[in-house]
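Breakdown of the fold
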Amino acid sequence: MAVVALILWVLTAGAGAYMLMAGNAARRLAADPVRIVSTPDRSAAGPVTDGGRPPPIPRTKVHSPPGEHPLLEFSHPALGAIGLACWFLFVGLHYRPLAWISFGILVLTVAAGLSWLASNARAARHRGDGARAAFPLRLIALHGLAATVTVVLVVLTALSASHG
């Protein structure tokens with residue numbers, strides 16, 4: 001059962017990665033439909049001040065647009081990858097605490113993913129354009145269903161590992 005959970009977890013991560021790429025591509029297209037490519041500056045020397053030092057680095061504060069949460073966009077895939085690595089170690093080593101560590105990381109991953117989904121839906125409602133998030137709905141459903149089955153398999157495997 002642990003190997004089946006591992007395979008399903010990998011498939012869930014693959015669906016999530018595909019959804020992330022498709023959503024980012026759709027978001028870029030919506031933000032900038034015509035992209036002009038400029039040639040980069042190939043000069044070897046950078047600008048310097050009168051004292052021969054490089055100019056000071058401008059410090060800008062970055063604001064994310066409504067509906068985009070960089071911490072959630074980073075933490076959900078990162079936690080999923082870390083949990084998958086722990087589960088992979090559990091499958092290979094059969095060290096029982098790794099099953100529960102993986103389950104804990106999986107719960108955090110699900111919480112981050114659900115809050116990311118809720119914030120995207122809230123931002124789409126707030127914009128009032130009737131559009132949902134940039135992510136395709138069928139991929140959201142597939143990813144969520146695979147994640148649900150993965151959580152169930154991980155719990156059952158961790159319970160059987162701690163009793164056996």
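In short, a report on the structure. This structure is a prediction, so every number in the text was calculated from the model and none was measured.

1. Looking at the side chain of H76
Structurally, H76 can be placed in helix α2 (residues 70–93). Judged by its relative accessible area of 15%, H76 falls in the buried class. Here G113 takes part through its backbone nitrogen, which lies 3.2 Å from a polar atom of the side chain of H76. Sequence-distant contacts of H76, defined by excluding residues within four places in its chain, comprise T109, A112, G113, W116 and H143.

2. What about the layout of surface pockets?
Of the pockets and cavities examined, the largest pocket occupies roughly 710 Å³. Along the wall of the largest pocket there are 28 residues; nearest its centre are G16, M19, H76, G113 and H143. Contributing elements (two or more residues each) for the lining of the largest pocket: α1 (2–31), α2, α3 (96–127) and α4 (137–163). No other element matches α3, which puts eight residues into the lining of the largest pocket. Residue classes in the lining of the largest pocket are distributed as 17 nonpolar, 11 polar and no charged.

3. Let's talk about α3
For α3, spanning 32 residues, the distance from its first C-alpha to its last is 47 Å, which sits close to the expected 46 Å at 1.5 Å a residue. Immediately beyond the C-terminal end of α3, within one or two residues, lies G128, with a positive phi of roughly 75°.

4. With respect to the nonpolar core
For soluble globular proteins, nonpolar side chains are generally found buried alongside one another. Of all hydrophobic cores here, the largest spans 16 residues; its most connected members are W9, W87, F90, V91 and V154. Those elements that place two or more of their residues in this core are α1, α2, α3 and α4. Of the residues forming this core, the biggest block, five residues, is contributed by α1. In this view, W9 contacts G80, G83, L84, W87, S102, L106, T150 and V154; residues no more than four positions away in its chain are not counted. Core analysis: the second largest hydrophobic core is formed by seven residues, L72, F135, L139 and I140 among them.

5. Overview of the packing of α2 against α3
For the pair α2 and α3, the least separation of the axes is 8 Å and the interaxial angle reads 160°. By the angle between their axes, α2 is roughly antiparallel relative to α3. The interaxial crossing formed by α2 with α3 has left-handed handedness. Tallied by class, residues from the contact of α2 with α3 come to 16 nonpolar, nine polar and two charged.

6. Things to note about the environment of L108
Mapping L108 onto the fold places it in helix α3. With 25 residues separating them in the primary sequence, L108 and G83 have C-alpha atoms 9.5 Å apart.

7. Examining the packing of aromatic side chains
Tallying each qualifying case throughout the model produces three aromatic pairs. Seen from their ring centres, W9 and W87 are 6.3 Å apart, and the 40° between their planes marks the pair as tilted. Taken as a pair, W9 in helix α1 and W87 in helix α2 lie far apart in primary sequence, 78 residues in all. Take W9 and W87: they sit in the same class, and that class is buried. Consider the rings of W100 and F103, whose centres lie 5.8 Å apart with planes at 90°: the pair is edge-to-face. Remark: F103 and W100 occur in helix α3; sequence separation between them is three residues, near one turn of the helix.

The rules behind each value
Every chain is numbered independently, its residues counted from 1 as its sequence is written. Thresholds applied to this predicted model are a pLDDT of at least 70 for local features of residues and 80 or more for the giving and counting of side-chain atom pairs; totals over whole chains, interfaces and linings are not thresholded and use all residues. Hydrogens and water are ignored here; the side-chain numbers use all heavy atoms of the structure. Going along the chain from the N terminus, every DSSP run of H or I of four or more residues is numbered as a helix, and every run of E of two or more is numbered as a strand. Relative accessibility thresholds used throughout: buried, under 20% of the residue-type maximum; exposed, over 50%; partly exposed, between the two (1.4 Å probe, protein chains only). Residues adjacent in sequence count toward polar contacts only when both atoms are side-chain atoms; beyond that, a polar contact is any pair of N or O atoms within 3.5 Å, and within protein one must be able to donate a hydrogen and the other to accept it. Contact criterion: two residues are considered in contact whenever any of their non-hydrogen atoms come within 4.5 Å of each other. Cavities and pockets are defined on a 1 Å grid built over the protein atoms alone: a cavity is a set of grid points where a 1.4 Å probe fits but cannot escape, while a pocket is an open set with protein on both sides within 12 Å along at least five of seven lines, and lining residues are those with an atom within 4 Å of any such point. Grid points are joined across faces, edges and corners, and a volume is the space filled by probe spheres set on the points. In this classification, the charged set is Asp, Glu, Lys and Arg, the nonpolar set is Ala, Val, Leu, Ile, Met, Phe, Trp, Tyr, Cys and Pro, and all remaining amino acids, among them Gly, are polar. A helix is expected to reach a length of 1.5 Å times the quantity of its residues less one. In plain words, nonpolar cores are sets of buried Ala, Val, Leu, Ile, Met, Phe, Trp, Tyr and Cys residues tied together by side-chain atoms within 4.5 Å. Axis definition: a line fit to C-alpha positions, over the contact stretch in the case of helices; interaxial angles, taken between N-to-C directions, run 0 to 180 degrees. Here roughly perpendicular refers to angles of 65 to 115 degrees, roughly parallel to angles under 35, roughly antiparallel to angles over 145, and oblique to all remaining angles. Rotating anticlockwise by less than a right angle from the far helix to the near helix defines a left-handed crossing, while the corresponding clockwise rotation defines a right-handed one. Within 6.5 Å between ring centres, the rings of Phe, Tyr and Trp (the latter by its six-membered ring) count as paired, and their orientation is classed by plane angle as stacked under 30 degrees, edge-to-face over 60, tilted in between.

From the geometry alone we can't say anything about function, so treat these as descriptive.
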